[in-house]
Amino acid sequence: MHGLINRSIQNYVCDTFGNDVWGQVTGSADLAIIDFEAMMSYDDDVTTRLVDAVSLVMGRPIHELLEDLGTYLVSTPKLEGVRRLLRFGGVTFEEFLLSLDDLPDRARLAVSDLDLPELEIDERGNGCFELLCRGSVSGFGYVFVGMLRVIADDYGALVLLDHETGKNGVEKIFITLVDKDFAQGRQFDLGARLG
Amino acid sequence: MTSLAQAGMLDVLCPMHVLVEKDGTISHAGPTIQKICKTGALVGEAFFDRFAVKRPKGIVTMDDLRRKAGSRLHLALEDDPGSDLKAVLVPHDHRTGSMVINLSFGISILDGVRDYALSNADFAATDLAIEMLYLIEAKSAAMDASRRLNLRLQGAKIAAEEQAFTDTLTGLKNRRAMDHVLARLVGNQANFAVMQIDLDFFKAVNDSLGHAAGDHVLQAVAQIMVEETRNADTVARVGGDEFTLILPDVATEQMLLAIGDRVIERLKKPILFQGQACKVSASIGTVWILENHTMDAKDILSDADVALYQSKKAGRSRQTLFRRNGARV
C-alpha cells in the first residue's frame, strides 16, 4: 500500500486522538515503523494491521473510524489540497459524482504508483447514484462515505448515503441527492493558488 | 458558409470531431479521429457501429444521444473496446438534424499518443494536449528523482540503525553489541558470566500506567544495572523488558551471586513515575563459563535461559545459577 495512505492514517490518528494514541497503535500493531513516509511503499498488510490496531486502541468499530478518516481527509485545514483536487471533478455535486470514475486515473497522473480502488459510478435516475468500489483493502468504501459527506456539504448539496459490502467484497455506496441547492456551499476558485 | 468550408474549419479547430446525420450515419470525420480508427473510413458508416457510449449507461440510439447534448460523454472505439474517450455533442443543423460530436483523450492522453503514434500536428494548435504531455513527462522525471532520493535516505537510515550499538531508550548496549562482546569472549575461550534478566510485571505497568511510565521504568532499571556492575561489564537491553549482562573475569561464585542479589534487591523497591509507584522485580538466570571452554554463544545463552526459566517458575524475584546437572542455587 502506498505510503500516502498509511501516512494519512497516521496524520488522522495524531491530529484526532494525539501522539500518545499513535504510539499505542504502532505498538499494538507490532510495527517497527513509527513514522510513515508519504512517498514510500509498504506491504498491504501494514495498512490492515494499522486499521485494526486503531480500532482496538480506541475501542471503536473499524467502519466508523474509516468513515471518520474520510471526513478528516477532506475537512482538515491542513489538507486543503485534497478538497481542492476533488472539487476539480465538477461544477455541481452531480457532475462531481459522475467524475468519480476518473479519480483513480487522476490520482495516478499525480503519483504514478498510487493505486486507489477502482470506482464506478452509476446514475439511477431521480437523483439516485450507486458507487461501486473495488480495492485491494476492504473498507475503502467507508472512507469514501466520509469524504462524500463533506464534499456534498462543500457543494451545498443535501445527500443521504448508505454503504453495503457485497459477497464478492465489492463495496457499494448508495447516494441519494435530496436537494442539490440545500445550502450556499463553499466557494471554489479553479485558479486559486495554495499557500 | 458551404458545408465543405465548415468541415475544413472544424478539421483545424477540432481534429477529433465527427459530423453525424440525423439517421446516425457519419458524414464527415476530422483527420485525427480518422487516424485513430484504423479499421477503415468512418464516413458512410453508422456512428454506433464504430463507437460505443460507455457512460452515461443505456445510450444506444441517436435519440438517446441527442438528449445528452452539451454534457460529457465517455466513448470507446468499437475497434478498441478498452479505449476511453471523452466527448461532447452539439446540434449542427436544425433543418437536417445533423450533429457534431467532438472527442478527446481526456485523462488517457498518454496511452492515446503512444497507442496511435500521434504527433503535435494531430492536435489543434490551441489544444493543451501537448502541454499536458510535457507536464506528465517532466513531473514523472522529477518524481522519480525524488523517489530515488527517498529510497537512498531510507537505506542509509536503516544501515545506520543496523550499525548502531546503542539502545536509544536506555542508552545501554543493544542486542547487536551484546552479540559482538559475547562472540569475542567465546572466541578467546575466556572466563566470563552471562546473566539473563527479565523484568517481572513490566507489562502490567505498561498496560495500567501507559507507555510513558513503562519507558521511565526501563530507564530507571538500566541506571540501577549500570550502578551495580563494574566498568568492564556489558549491560545490554536485548528485548522489550529483557536485559543481558556480560561479566568478564569472574573470580568467585560469591561475587557473581552478590551482583545478582543487589540488582534484585534494588528492583524490589517501587520506581516512582509522576507520583505513581511502578512495581516491578527481576528474575535472573546466570551461567558462569570457565577458561578454556569449548561452548558456543548459542548454547551459553540457551543455558542462561534455562536458569532464568527456573527463577521465574520458582516464584520470580530470584536468581538461578545454571549447573550442568541442573541444580539450583
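Since the model is a prediction, treat every value here as computed from it, not as a measurement.

**Focus on the sheet that holds strand β5 (residues 80–93) of chain B**
Residue and element names in this part refer to chain B.
Next, step 1: A sheet is described by the order of its strands in space; here 6 strands give the open sequence β2-β1-β6-β5-β4-β3, paired in antiparallel fashion. Of all the strands in the sheet, the pair left with one neighbour each is β2 (26–29) and β3 (51–55). Averaged over all pairs of adjacent strands, the angle between their axes in this sheet comes to 35°, without regard to strand direction.
Next, step 2: Bridge analysis of strand β1 (residues 17–20) against β2 gives 3 bridges, and the strand direction is antiparallel. Bridged to Leu19 within β2 is His28.

**Observations concerning the packing of helix α3 (residues 44–58) of chain A against helix α4 (residues 62–75) of chain A**
Residue and element names in this part refer to chain A.
Next, step 1: At a minimum axis distance of 9 Å, the contact between α3 and α4 shows a crossing angle of 110°. By the angle class used here, α3 and α4 are roughly perpendicular. Contacts between α3 and α4 involve Val51, Asp52, Val54 and Ser55 from the first element and Ile62, Leu65 and Leu66 from the second.
Next, step 2: Tallied by class, the residues present in the contact of α3 with α4 amount to 5 nonpolar, 1 polar and 1 charged.

**Comments concerning the interface of chain B and chain A**
Next, step 1: Of the residues lining the interface, 15 residues belong to chain B; the matching set on chain A comes to 20 residues.
Next, step 2: Summing the contributions of chain B and of chain A, the shared interface buries around 1500 Å²; its carbon and sulfur component is 50%.
Next, step 3: Scanning the region where chain B abuts chain A turns up 4 salt bridges.
Next, step 4: The closest approach of N and O atoms between Lys57 of chain B and Glu120 of chain A, which form a salt bridge, is 2.9 Å.
Next, step 5: Joining chain B to chain A, the criterion identifies 6 residue pairs in polar contact (both at pLDDT 80 or more).
Next, step 6: In terms of residue count, the dominant contributor to the side of chain B that touches chain A is helix α6 (residues 129–163) of chain B (8 residues).
Next, step 7: Each residue belonging to the side of chain B that touches chain A can be placed in one class, and the counts come to 5 nonpolar, 4 polar and 6 charged.

**Thoughts on helix α7 (residues 103–110) of chain A**
Residues and elements named next belong to chain A.
Next, step 1: Within α7, burial applies to Leu103, Pro104 and Ala107. Summarising the axial view, the buried residues of α7 lie within an arc of 100°, below the 170-degree limit, and thus occupy one face.
Next, step 2: Buried residues belonging to α7 abut α5 (80–87), β1 (118–125) and α8 (140–155).

**Comments concerning the confidence of the model for chain B**
Detailed reading of predicted coordinates is not advised where the pLDDT is low.
Next, step 1: Taken over all residues, the pLDDT of chain B has a mean of 90, while the share at 70 or more is 98%.
Next, step 2: Reported confidence for the predicted complex is 0.71 by ipTM and 0.66 by pTM.

**Examining the pairing of strand β8 (residues 234–237) of chain B**
Residues and elements named next belong to chain B.
Next, step 1: Residues Thr234 and Ala236 point to one face of β8 and Val235 and Arg237 to the other, with burial holding for every one of them.
Next, step 2: In this sheet, strand β9 (residues 242–248) lies alongside β8 in antiparallel orientation, the contact comprising 4 bridges. In the sheet register, Ala236 faces β9, and the bridge partner there is Thr244.
Next, step 3: Here β8 hands over to β9 after 4 residues, the two strands then running antiparallel side by side.

**Focus: the environment of Lys269 of chain B**
All names here are of chain B.
Next, step 1: With respect to the element layout, Lys269 can be found in the loop between α10 (253–268) and β10 (271–273).
Next, step 2: Since its relative accessible area comes to 54%, Lys269 is described here as exposed.
Next, step 3: Considering only alpha carbons, one finds Lys269 and Ser281, 12 residues apart in sequence, at a separation of 8.2 Å.

**Focus: the nonpolar core**
Residues and elements named next belong to chain A.
Next, step 1: Residues Phe93, Phe96, Leu97, Leu148 and Ile175 are the most contacted members of the largest nonpolar core, which totals 57 residues.
Next, step 2: Top contributing element to this core by residue count: α8, with 10 residues.
Next, step 3: Taken domain by domain, the makeup of this core includes at least three residues from each of domain 1 (3–60) and domain 2 (73–179).
Next, step 4: Among all residues touching Leu148, those that are not within four sequence positions of it are Phe93, Phe96, Leu97, Leu100, Leu131, Leu161, Ile173 and Ile175.

**Some details on empty space enclosed by the protein**
Residues and elements named next belong to chain A.
Next, step 1: Within this structure, the stated rule accounts for 4 cavities of 30 Å³ or more.
Next, step 2: As for the largest cavity, its lining consists of Ile9, Tyr12, Val51, Val54, Leu65, Leu66 and Leu69.
Next, step 3: Split into classes, the residues belonging to the lining of the largest cavity amount to 7 nonpolar, no polar and no charged.

**Here we look at unusual backbone geometry**
All names here are of chain B.
Next, step 1: A cis amide bond links Arg55 to the next residue, Pro56, at an omega of -5°.
Next, step 2: Here Ala117, not a glycine, exhibits a phi torsion of approximately 50°, which is positive.
Next, step 3: The backbone phi angle of Asp249 is positive, close to 50°, even though this residue is not glycine.
Next, step 4: The topology assignment puts Asp249 in the loop between β9 and α10.

Quick notes on the rules
Residues numbered from 1 in each chain as written. Chains lettered and ligands numbered in written order. Predicted model: local features only at pLDDT ≥ 70, side-chain atom pairs only at ≥ 80, totals over all residues. Heavy atoms only, no water. Pairing = 2+ DSSP bridges. Helix = DSSP H or I, 4+ residues; strand = E, 2+ residues; numbered from the N terminus. Axes fitted to C-alpha atoms, helices over the stretch in contact; angles between N-to-C directions. Parallel < 35°, antiparallel > 145°, perpendicular 65-115°, else oblique. Contact = heavy atoms within 4.5 Å. Nonpolar A, V, L, I, M, F, W, Y, C, P; charged D, E, K, R; others polar. Buried area = accessible area lost by both parts, 1.4 Å probe. Salt bridge = Lys/Arg side-chain N within 4 Å of Asp/Glu carboxyl O. Polar contact = N/O pair within 3.5 Å; in protein donor to acceptor, adjacent residues only side chain to side chain. Buried < 20%, exposed > 50% of the residue type's maximum accessible area, 1.4 Å probe, protein only. Arc of directions from axis to C-beta. pLDDT = per-residue confidence, 0-100. Core = buried A, V, L, I, M, F, W, Y, C linked by side-chain atoms within 4.5 Å. Domains from an automatic or database assignment. 1 Å grid on protein atoms, 1.4 Å probe; cavity = no way out; pocket = protein on both sides within 12 Å on 5 of 7 lines; lining within 4 Å. Points joined across faces, edges and corners; volume = space filled by probe spheres on them.

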